[in-house]
Structures are given as structure tokens and as C-alpha cells.
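Spelled out, the chains give:
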Amino acid sequence: KAEEFINHEEILESIAWAEEHKNDVQLIDQLLELALDEGVLLGGGKELPLCEVEVELKSGSQTACAQYAQMLAARLRMEPESKSKFRRALSLAQEK
């Protein structure tokens, strides 16, 4: 099992490069972590620019966290991404 994990980690390093910046945001009754990932996804000799913001609830209300993420997305004109970085890089590699 550990060997499988190492192999997956090597695959991840070869298909995605991102610089991550994290900041905690303290609201009235909750603590959120905002992470900005900037870089590229690599697959099949192609590159896809990467720029995404993740909002993680550290403490407080899940509902309030979701509302904050929606407000942030609306203000910055962002759209949710359902696929992981790994899945997007695999899709890129499989494109003809």
C-alpha cells in the first residue's frame, strides 16, 4: 500500500505544478482558510493554466462558510470546479 501511495505522489508531481498561498480569515463566529493555487496542469505534452481559490472551514458553521464562498465567487466572477487538479490533468493528457 505504501508503494502505491509513493507512485501516486510521483504521478501528481509530474502533472501539476502550483504555488500555494494560504491565509486564515476570522469572521464573527467562524475561522476559514483561503488557499490560492497558481500554476499549470501538465498532461500529454500540453499545459493548462491553473488559478483557483479554495475555502476551507476550520471552525464554525458549514452554511456560513458556503455562503462566504458563494459571495467571494460572485464578487470575483469565479465559477466552481467539480474536477480535482489530478482529474483535469488526466483529461488534458487524454485529449487528442
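Thresholds, definitions, all that
Residues numbered from 1 in each chain as written. Predicted model: local features only at pLDDT ≥ 70, side-chain atom pairs only at ≥ 80, totals over all residues. Heavy atoms only, no water. Helix = DSSP H or I, 4+ residues; strand = E, 2+ residues; numbered from the N terminus. Buried < 20%, exposed > 50% of the residue type's maximum accessible area, 1.4 Å probe, protein only. Contact = heavy atoms within 4.5 Å. 1 Å grid on protein atoms, 1.4 Å probe; cavity = no way out; pocket = protein on both sides within 12 Å on 5 of 7 lines; lining within 4 Å. Points joined across faces, edges and corners; volume = space filled by probe spheres on them. Nonpolar A, V, L, I, M, F, W, Y, C, P; charged D, E, K, R; others polar. Core = buried A, V, L, I, M, F, W, Y, C linked by side-chain atoms within 4.5 Å. Polar contact = N/O pair within 3.5 Å; in protein donor to acceptor, adjacent residues only side chain to side chain. Arc of directions from axis to C-beta. Expected span 1.5 Å × (residues − 1).

Draft legend 1. Spatial organisation of the overall build of the protein. Secondary structure assignment for the protein yields three helices and three strands. Secondary structure of the protein in N-to-C order comes out as α-β-β-β-α-α. For the protein, the proportion of its 96 residues judged to be buried stands at 21%. Look at the contacts in the protein between residues 6 or more apart in sequence, and 46% of them connect residues 24 or more apart.

Draft legend 2. Structural context of unusual backbone geometry. The backbone phi angle of Arg77 is positive, close to 55°, even though this residue is not glycine. Topologically, Arg77 is positioned in the loop between helix 2 (62–75) and helix 3 (85–94). Looking at Arg77, the relative accessible area reads 80%, which means it is exposed.

Draft legend 3. Structural context of the layout of surface pockets. For the largest pocket, the calculated volume is near 550 Å³. Lining the largest pocket are 22 residues; nearest its centre among them are Glu52, Val53, Glu79, Pro80 and Glu81. Mapped onto the lining of the largest pocket, the elements with two or more residues apiece are strand 3 (46–59), helix 2 and helix 3. Broken down by element, the lining of the largest pocket gets its largest block of residues, seven residues, from strand 3. Its residues placed into classes, the lining of the largest pocket shows 12 nonpolar, three polar and seven charged.

Draft legend 4. The nonpolar core, seen in detail. Membership of the largest hydrophobic core is limited to six residues, which are Val25, Leu32, Leu34, Cys65, Tyr68 and Leu72. Setting aside residues up to four positions removed in sequence, Leu72 forms contacts with Leu34, Val53, Val55 and Met78.

Draft legend 5. Main features of the side chain of Arg88. By the element assignment, Arg88 lies in helix 3. Separated by 3.3 Å, the side chain of Arg88 and the backbone oxygen of Lys83 make a polar contact. Aside from chain neighbours lying at most four places away, what touches Arg88 is Leu41, Leu50, Glu52, Glu81 and Lys83.

Draft legend 6. Fine view of helix 3. When we look at burial in helix 3, the residues that qualify are Arg88, Ala89 and Leu92. Viewed along the axis of helix 3, the buried residues span an arc of 100°, placing them on a single side of the element.

Draft legend 7. Region of the structure containing helix 2. The end-to-end C-alpha distance of helix 2 is 20 Å, a good match for the 20 Å that 14 residues give at a rise of 1.5 Å each. Within the span of helix 2, buried status applies to Cys65, Tyr68, Leu72 and Ala73. Burial along helix 2 is one-sided: seen end-on, the buried residues are contained in an arc of 135°. Projecting away from the buried face of helix 2 at angles above 90 degrees are the exposed residues Thr63, Gln70 and Ala74. Its side-chain oxygen 3.2 Å from the backbone nitrogen of Thr63, Ser61 forms the N-cap of helix 2. Immediately beyond the C-terminal end of helix 2, within one or two residues, lies Arg77, with a positive phi of roughly 55°.

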